[in-house]
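# Analysis of the macromolecular model
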Amino acid sequence: MTARRVLGVLARLRLALNKSSSAVDVSGAPEASLIMLLELMKVDADSKPALVEKAMGFVPDCPVNPQIFASIAMEALSCGDFISCMTLSKQATSIADQATQAKPQLLRWFALAELVHGQALVRQINPDKHDMSAQDHLKKEAIKHFVLAAKFSSEAQNDNILMLAATEMWNASVSFMSSSATRKSLLEPTKAMIKYLARVRLAEDSPEEEKTFRTKLYVLLFECLADSKLWQEGCDHTAKALKALPPSMHKDLWEFRITFMGKLGKDTAAEMLKVKESGEEMVAQVWSTLAQSSSDKKQKLVSYKKAVEALEQKPLAQVEYLILFGEFLYTEGFEVQDAQDQLIAAADILLELDTALADEEENLSKADDASQSDAKSVSSSSSFHRSVASPRAKTPRQVSSQSASSSKAKSVAPSKEGSVTSFSTSLGAGKRPQSLNVCHLLELGRIYIMLAKMSNNRLQVAQQLVVAHHYLLRILEMSVTAVIAEISSSSEEEPADAKIFELPTEAQEWIGFELKEQLCEAFMAYKGKDKKVLNKRTFRKPYLLLYYLDEFVGLLLEHDLQLQAIPVLEMLKFVSRRILQNSDLHALFLLRQAMLYQQLGSSQHSSRVRKLADELLVISPERSRKLDELVKQREMHKLVGRSQSMAEAMEAAKKEKYVKQLKPLQLHEVWVKLAEVKIEEGDLVRAREILHRTLKHAKAFEDSESEGLTLHLLAIVSFLEGQNVQAVQLETEAQAFSNELSFWSKSCAALATFMVDVARTVFGLHSVEEAIKVLERGADLFRLLILEHPNLIMRINTLRGNLLLEAAQIALEEVRRQDQAGQMMWQKVHKKAVKLVDIVIEALSAAAGGGGAGAEAGAGAGAGAGAAAGAESRTGAGAG
């Protein structure tokens, strides 16, 4: 130590004499020279790069000295000489394996050497020079060194270096945390880091950032264990985490603890008693997590009921779990009425807060009184009900009451009277009652969208859709009102341009309307905590909002409510652009809006919106390169551990529910939707380009459902380009990937169309009879599914009827073709067509549920039968 001080003073004296570090004489023993150069680096920062380079010349001849090498490595890192830094760090730790009983001071230098080695690896990453796979490789190597730094610092009992190593490892791991495939590489490093951090005790009075960081590490570990299905390890580590972390941090751990125990089939009753200490909402959240992670249908049912029951005294918090319970009952094949009961109970809780509803019911009551003298005035009581072709307009509460009137099962939620009591008692004396906010309106919209999907006739569906539209439109109205109030309170005057904040009052006025840039910016800048404005702070799950709005648009268009779809598309554009900041999604909704304008006869607005979408669809060379790197990165991660084969992925897809499960959209799923719109527009070149990119990504991410849909769309493109044989091959391949109802219906119809075209253009390859059998087999599958999923009877019967009608139309065309060709086999085909039409009438009548759609179904099928009869008379005349 004394010798080092002497050498340091000597270096400073020589520097004072020579005025330049480069001129200082450091000759002598290599170790002495390095000590003098290290001292010069500390006092002459400008000359540090040259001094580091000079020091590297002495390293090969110098005995291994961890302190000197690690110290110079830190100086090399600070001046950006990463190669020298890593070389010195490696030299410093070269004797670590031999130092079995090293002193803490030596272990400290090992830890510092490993730490700067990892930092050098991370800091040399340059996106312009390194592709994503190279970046990932450097980060993984850095993580290894950070873990070693934590090991040495833990043995040296140096908490400062230990925490720094853990933080650096976390930062290097962030890019791997987004998906289960990339998280695989983090399992072992995270386990090791948590093990070394165990020596740093945490208590309630520990710094908040330290408690939060340690909790995040445990959560990352649990996610990695869940990805690898290591349930027992998960149980063991959650038990350790509950001991290591203070009680205030336990709320983030219970979901994983219960999930792991549920996967192992262990009794969770004792654990749930401990969860109660964290409050009723935490209990409900844990029960909900257990329900979603369980593979046992009965366990799911019990868990969802427990989640709802846990919040009996907090009805507003109960709403979310009632909705989840209702959706579960519907998708799992329980009685539709049971699912509706949960949704209606949730709606009742929210409607107690709706002050606007009371005014609307009062207005409707006045309109009813006036209708005694003029029945036509009923429909004018409320603007948002005008589009429903019903004999009597209904408020949201009346629609709910009508749906619940024939209920055989009771909701597990408290009664309406109980809900009111809970509201009044939970508020406390003198507190102002809570009113609806944007989140509540979204939940109401979500409820009525689900009720529409569960309804058994078209009239009820239309009524529920209109009510959902009312609440979703109120989100925009409430947002505008809140923004105006905030601006007025801050400036004490009305906004300069009031038109910016105006929304259309009539459905037709939405054609061509766009939310102004200033209004969107005002939404995003709103600082209030009352959740009265649509922005990032309002929604914890923006993809949930996106999913339901997207589903809602499809339902509106399916039931000929095109005008009502325009404002919903406007909301989707706002969410995709402002909240999710996803240009592909924004382009998708712009294209859908353009197509809708085209259907409504507004070519000018359609062209303007389509131009905006096409600008977003242009992929720059830089983005194209990054997308290709993403595929390469994914392929590399599939090599880490065992990834399921494509055969296993396809088998897993076949076991999925016939109803598509909710999940955030991945990038390639958005591309599929974009390609679908492009095909409808007739832009086949752009569609094929998008689909080829999608197929590559779907394969890389083992997304069999998206792969199947991509192959289906490629088959359509091939057919439209005149390649009918290739279309049949692609469609046949696509059917192996998914059991989802809508996909199966579209795929069977497309395959039959392709086969008919091949039968008429390529001799001996396919036949019309074969095409009809494809449709009949698809329809027969739907018939069998009704027995398994009676709750989906309307949807299944509609899809089944469409397939049978397609088969009847093909048979009818074949009758005409054979008659014109003078063939005598037309009568057999004709009988087949008539039989198919009869089955269609039966299927669609069942789907209509006796409502207005029944007549529509009968008329449509009757028209088909009439056409067949006409063909018979014509062919009969020809035969005579």
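Notes on the structure follow. As the structure is a computational prediction, the values presented were derived from the model and not from experiment. (Residues numbered from 1 in each chain as written. Predicted model: local features only at pLDDT ≥ 70, side-chain atom pairs only at ≥ 80, totals over all residues. Heavy atoms only, no water.)

### Some words on helix α18 (residues 336-351)
Test applied: Helix and strand definitions follow DSSP, with helices as H or I runs of at least four residues and strands as E runs of at least two, each counted in order from the N terminus. Multiplying 1.5 Å by the helix residue count minus one yields the expected span of that helix. Buried, partly exposed and exposed residues are distinguished by accessible area as a fraction of the type maximum, computed with a 1.4 Å probe on protein chains only: under 20%, between the cut-offs, and over 50%, respectively.
The end-to-end C-alpha separation of α18 is 22 Å, in line with the 22 Å expected for 16 residues at 1.5 Å each. Counting buried residues along α18, 14 of its 16 residues qualify, which places the element largely inside the surrounding structure.

### Remarks on the packing of aromatic side chains
Just so we agree on the cut-off: Each Phe, Tyr or Trp ring, with Trp reduced to its six-membered ring, pairs with another whose centre is within 6.5 Å; inter-plane angles below 30 degrees give stacked pairs, above 60 give edge-to-face pairs, and intermediate values give tilted ones.
Counted by the stated rule, this structure contains 16 aromatic pairs. Taken together, a centroid distance of 5.5 Å and an interplanar angle of 50° make the contact between phenylalanine 222 and phenylalanine 256 tilted. Of this pair, phenylalanine 222 sits in helix α11 (residues 208-227) while phenylalanine 256 sits in helix α13 (residues 254-263), placing them 34 residues apart in sequence. Summarising the burial analysis for this pair, phenylalanine 222 and phenylalanine 256 share the class buried. With a centroid separation of 4.9 Å and an interplanar angle of 35°, the aromatic rings of phenylalanine 719 and phenylalanine 754 are classed as tilted. Of this pair, phenylalanine 719 sits in helix α33 (residues 704-720) while phenylalanine 754 sits in helix α35 (residues 741-761); the two residues are 35 residues apart in sequence, bridging distant segments of the chain. On the accessibility criterion, phenylalanine 719 (23% relative accessible area) is partly exposed. On the basis of relative accessible area, phenylalanine 754 is assigned to the buried category, the value being 3%. In this structure an aromatic cluster arises from ring pairing among Tyr218, Phe222, Trp231, Phe256 and Phe260.

### A few points about the side chain of lysine 573
Short version of the rule: Think of a polar contact as two N or O atoms within 3.5 Å of one another; within protein, one of them needs to be a possible hydrogen donor and the other a possible acceptor, and neighboring residues in sequence only count if both atoms come from side chains. Contacts are assigned to residue pairs that have any heavy atoms within 4.5 Å of one another.
Looking at where lysine 573 falls in the secondary structure, it is placed in helix α26 (residues 562-579). Its relative accessible area of 6% is what places lysine 573 among the buried residues. Side-chain polar atoms of lysine 573 contact the side chain of glutamine 593, separated by 2.8 Å. With near-sequence residues (within four places) excluded, lysine 573 lies in contact with Glu514, His586, Phe589, Leu590 and Gln593.

### A look at the packing of helix α4 (residues 66-78) against helix α5 (residues 82-92)
Heads up, the condition is: Angles shown run from 0 to 180 degrees and are taken between the N-to-C directions of axes, each axis being a line fitted to C-alpha atoms and, for helices, limited to the stretch in contact. Working rule for angles: under 35 degrees goes down as roughly parallel, over 145 as roughly antiparallel, 65 to 115 as roughly perpendicular, anything else as oblique. Should the near helix be turned counterclockwise from the far one by less than a right angle, the crossing is left-handed, whereas a clockwise turn marks it as right-handed. Three categories are distinguished: nonpolar for Ala, Val, Leu, Ile, Met, Phe, Trp, Tyr, Cys and Pro, charged for Asp, Glu, Lys and Arg, and polar for the others, with Gly belonging to the last.
Here α4 crosses α5 at 160°, and the two axes come no closer than 8 Å. In terms of axis orientation, α4 runs roughly antiparallel to α5. Crossing hand, α4 versus α5: left-handed. Contacts between α4 and α5 pair Pro66, Phe69, Ala70, Ile72, Ala73, Ala76 and Leu77 from the former with Phe82, Ser84, Cys85, Leu88, Ser89, Gln91 and Ala92 from the latter. When grouped by side-chain class, the residues that make up the contact of α4 with α5 number 11 nonpolar, 3 polar and no charged.

### Observations concerning α4
Taking 1.5 Å of rise per residue, the 13 residues of α4 would be expected to cover 18 Å, and the 18 Å separating its terminal C-alpha atoms lies within 8% of that figure. At its buried positions, α4 is contacted by α2 (30-43), α3 (48-56), α5 and α6 (104-123).

### Brief notes about the packing of helix α17 (residues 315-331) against helix α22 (residues 438-454)
Two elements in contact, α17 and α22, have axes separated by 11 Å at closest approach and are oriented at 20°. By the criterion of interaxial angle, the relationship of α17 to α22 is roughly parallel. Both α17 and α22 take part in a crossing whose hand is left-handed. Of the residues in α22, those touching α17 at Leu316, Val319, Glu320, Ile323, Leu324, Gly326, Glu327 and Tyr330 are His440, Glu443, Arg446, Ile447, Met450, Lys453 and Met454.

### Some remarks on the environment of valine 834
As for its position among the elements, valine 834 is in helix α38 (residues 826-848). In this structure, the C-alpha to C-alpha distance between valine 834 and alanine 808, residues 26 residues apart in sequence, is 7.4 Å.

### Looking at the pattern of salt bridges
Worth spelling out the cut-off: A carboxyl oxygen of Asp or Glu within 4 Å of a side-chain nitrogen of Lys or Arg is what we treat as a salt bridge.
Within the structure shown, the criterion is met by 27 salt bridges. Between lysine 211 and glutamate 208 there is a salt bridge, and its shortest N-O distance comes to 3.4 Å. Here lysine 211 pairs with glutamate 208, and both are found in helix α11, just 3 residues apart, close to one helical turn. Look at lysine 211 and you get buried, because its relative accessible area is 3%. Taking the relative accessible area as the measure of exposure, glutamate 208 reaches 46% and is therefore partly exposed. The salt bridge partner of aspartate 683 is lysine 678, with a shortest N-O separation of 3.7 Å. Relative accessible area serves as the criterion here: at 27%, aspartate 683 is assigned to the partly exposed category.

### With respect to unusual backbone geometry
It is generally the case that most residues other than glycine have a negative phi and that most peptide bonds are trans. Phi at aspartate 560 takes a positive value of approximately 60°, unusual for a residue other than glycine. With respect to the helices and strands, the residue aspartate 560 is situated in the loop between α25 (542-558) and α26. Judged by relative accessible area, aspartate 560 falls into the exposed class, the value being 54%. Located in the positive-phi region is glutamine 581, a residue other than glycine, with phi close to 55°. Looking at the element boundaries, glutamine 581 is found in the loop between α26 and α27 (583-599).

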